[in-house]
Amino acid sequence: MFQLSIEFLSEATANEEAWHFESGHSDELLRRLLVFLAKEKKYRVRFVDQSGVELSLKYLRRKFKIIRTWKEKLPSLEKPFLLLGYCCEKDVNFKALEDKKLQKLIGVVVLYTFGYFAEMPTELQAMAMRFTSVVLSIAHIRDFVADKHGRKLLGYLLKFQRKTDPEKQSAKAIRCLFESLNFLCATRSFQALMLAQREPYLYEVFLHSMTKFTECAKVKVQPDADDKKAQYEYEQLQFSISVLLDGVAMLFDGGHSDAIDNSTSAAAQKEEADKQRDARRKVMVGHFVRNKNIDKYMTLLRDYLRATNKRFKKVDAQDATSEQNAK
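Residues numbered from 1 in each chain as written. Predicted model: local features only at pLDDT ≥ 70, side-chain atom pairs only at ≥ 80, totals over all residues. Heavy atoms only, no water.

*Asks:* Please clarify how the overall build of the chain should be interpreted in this entry.
*Replies:* Along the chain, the regular secondary structure elements total 15 helices and zero strands. Residues counted as buried form 46% of the 327 residues belonging to the chain. A separation of at least 24 residues holds for 76% of the contacts in the chain among residues at least 6 apart in sequence. Summed over all atoms, the accessible surface of the chain reaches about 17400 Å², with 51% contributed by carbon and sulfur. (Helix = DSSP H or I, 4+ residues; strand = E, 2+ residues; numbered from the N terminus. Buried < 20%, exposed > 50% of the residue type's maximum accessible area, 1.4 Å probe, protein only. Contact = heavy atoms within 4.5 Å. Areas by Shrake-Rupley, 256 points an atom, 1.4 Å probe, with all protein chains shown as cover.)

*Asks:* Can you help me understand the pattern of salt bridges in this one?
*Replies:* A side chain of one charge can pair with a side chain of the opposite charge if their charged atoms are brought near each other. Tallying each qualifying case throughout the model produces 13 salt bridges. Across the pair Arg175 and Glu179 runs a salt bridge, and its minimum N-O distance is 3.4 Å. Note that Arg175 and Glu179 are positioned in helix α9 (residues 171-184) at a spacing of four residues, about one turn of the helix. The salt bridge involving Asp303 is made with Arg302; its shortest N-O contact spans 3.3 Å. Taking relative accessible area as the criterion, Asp303 reaches 37% and is therefore assigned partly exposed. Salt bridges sharing common partners tie together Asp253, Arg277, Asp278 and Arg281. (Salt bridge = Lys/Arg side-chain N within 4 Å of Asp/Glu carboxyl O.)

*Asks:* Whenever I open this one, the confidence of the model for the chain confuses me. Can you help?
*Replies:* When pLDDT drops low, the exact placement of atoms in the prediction is not to be read closely. The pLDDT averaged across the chain works out to 86; a share of 89% of its residues lies at or above 70. Within the chain, no element has a lower average pLDDT than helix α15 (residues 294-326), which sits at 80, and none a higher one than helix α6 (residues 103-116), at 95. (pLDDT = per-residue confidence, 0-100.)

*Asks:* Can you help me understand unusual backbone geometry in this one?
*Replies:* Backbone phi values are negative for most residues with the exception of glycine, while trans is the configuration of most peptide bonds. Omega for the peptide link from Glu199 to Pro200 comes to 5°, which places this bond in the cis form. For Ser51, which is not glycine, the phi torsion reads 60° and is therefore positive. With respect to the helices, strands and loops of the structure, Ser51 is situated in the loop between α3 (41-49) and α4 (52-67). A positive phi angle is found at Glu199, which is not glycine, with a value near 50°. With respect to the secondary-structure elements, Glu199 resides in the loop between α10 (188-196) and α11 (202-215).

*Asks:* Teacher, can you tell me more about the side chain of Thr13 here?
*Replies:* Secondary-structure assignment places Thr13 in helix α1 (residues 2-13). At 2.8 Å, the side chain of Thr13 and the backbone oxygen of Leu9 are in polar contact. From its side chain, Thr13 meets the backbone oxygen of Ser10 in a polar contact 3.3 Å long. Setting aside chain neighbours within four positions, we find Thr13 in contact with Leu55, Lys58 and Tyr59. (Polar contact = N/O pair within 3.5 Å; in protein donor to acceptor, adjacent residues only side chain to side chain.)

*Asks:* For this particular structure, what's the right way to read the packing of aromatic side chains?
*Replies:* For the coordinates displayed, the defined rule picks out 17 aromatic pairs. Of the aromatic side chains, those joined through ring pairs into one cluster are Phe64, Phe81, Tyr112, Tyr116 and Phe131. The ring of Trp70 has Lys73 sitting right over it, with the charged end atom 6.0 Å from the ring centre. Here the basic side chain of Arg175 rests over the ring of Phe239, its NZ or CZ set 3.7 Å away from the ring centre. (Phe/Tyr/Trp six-rings, centres within 6.5 Å; stacked < 30°, edge-to-face > 60°. Lys NZ or Arg CZ within 6 Å of the ring centre and 35° of its normal.)

*Asks:* Looking at this structure, I do not really get the environment of Leu74. What am I missing?
*Replies:* Mapped onto the elements of the fold, Leu74 is located in the loop between α4 and α5 (78-87). Sequence-wise, Leu74 and Pro121 are 47 residues apart; in three dimensions their C-alpha atoms are separated by 7.8 Å. For Leu74, the residues in contact, after removing those within four places along its chain, are Ile67, Tyr116, Glu119, Met120 and Leu124.

*Asks:* Help me understand the environment of Asp303, please; the structure alone is not making it clear to me.
*Replies:* Residue placement: Asp303 occurs in helix α15. Along the chain, Asp303 and Thr214 lie 89 residues apart, while their C-alpha atoms are 9.5 Å from each other.

*Asks:* Any chance you could explain the environment of Leu60 here in plain terms?
*Replies:* Position of Leu60 relative to the elements: it lies in helix α4. Note on Leu60: relative accessible area 0%, which makes it buried. Measuring from C-alpha to C-alpha, the distance between Leu60 and Leu105 comes to 9.5 Å, with 45 residues separating the pair along the chain.

*Asks:* Mind showing me how you'd approach the side chain of Ser56 here?
*Replies:* Mapping Ser56 onto the fold places it in helix α4. Exposure remark for Ser56: the relative accessible area of 1% places this residue in the buried category. Beyond its immediate chain neighbours, meaning those up to four positions away, Ser56 contacts Phe47, Leu83 and Leu84.

*Asks:* Is there a simple way to explain α6 in this structure?
*Replies:* Working note: α-helix, 3.6 residues per turn, so residues spaced by three or four point in the same direction. Taking 1.5 Å per residue as the helical rise, α6 with its 14 residues ought to reach 20 Å, and the 20 Å between its terminal C-alpha atoms agrees with that figure. Among the 14 residues that make up α6, 12 are buried, leaving the element largely enclosed by the rest of the structure. Buried within α6 are the following residues: Gln103, Leu105, Ile106, Gly107, Val109, Val110, Leu111, Tyr112, Thr113, Phe114, Gly115 and Tyr116. (Expected span 1.5 Å × (residues − 1).)

As structure tokens, this is what we get:
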């Protein structure tokens, strides 16, 4: 049955006929393959060794193309993403994802994932975006994706952030989304797009999302340590807020200095790069100072700093008590 499933994926990805991707038989074969992969590590290793990563990416690409016509079939992406999830495990030939011949396929899947993210069911959001955050952790892949698809990815991100609602969205999915953004921010090309974004300026979008996160019940009150689920969601959203703050800092700084191309040691060129960075900083900060919502933004940042400081004092006090009791 395992071998039959591999043969099915090979045949399906070599053929564009939709029945390979949308039938009860195909769904059942994938379900049984996933049973094997979940059962024993040796099957996961064998799957990757038999070009499982490439086959899964090709299958998923075709599924996304079908969904462009029938969006109600979005939930059917779960099994292909689960296949890739098994390939992402660090001890199961993770290096297969680093193969440069796969970066075009990975780039298309990342683009589709961002494009349909807001419309995906909750479980699928977390599953799909986890794969995206994992592949973008690979330097040459994130550089390729940012260069090739950066403008569209930024557009999809802006579209999603307007609908930010952490009360309804999965904390894990949001965490993986911002982890992906964090990796993209490490590339020169994506930073350039972020700095060039107008109407709205990107700092406005980030602070809008931060407002939603800090006001939601999952973040407003730190949960008890015994409530593992609430603690997990709290930590995921706090990480997302930290990425938003890093993004705001980068925008107000005119770009990270290590992202400016200073490959030449010529002082004149370095001076010109610094001038351009100062000019970008002046434009961004100038817009912020004139922004009609500046009081709201400053209140948000002040209250967040106060809450953070209070939380750290509480932790310090608990540590001091524990140390005293130990003595």
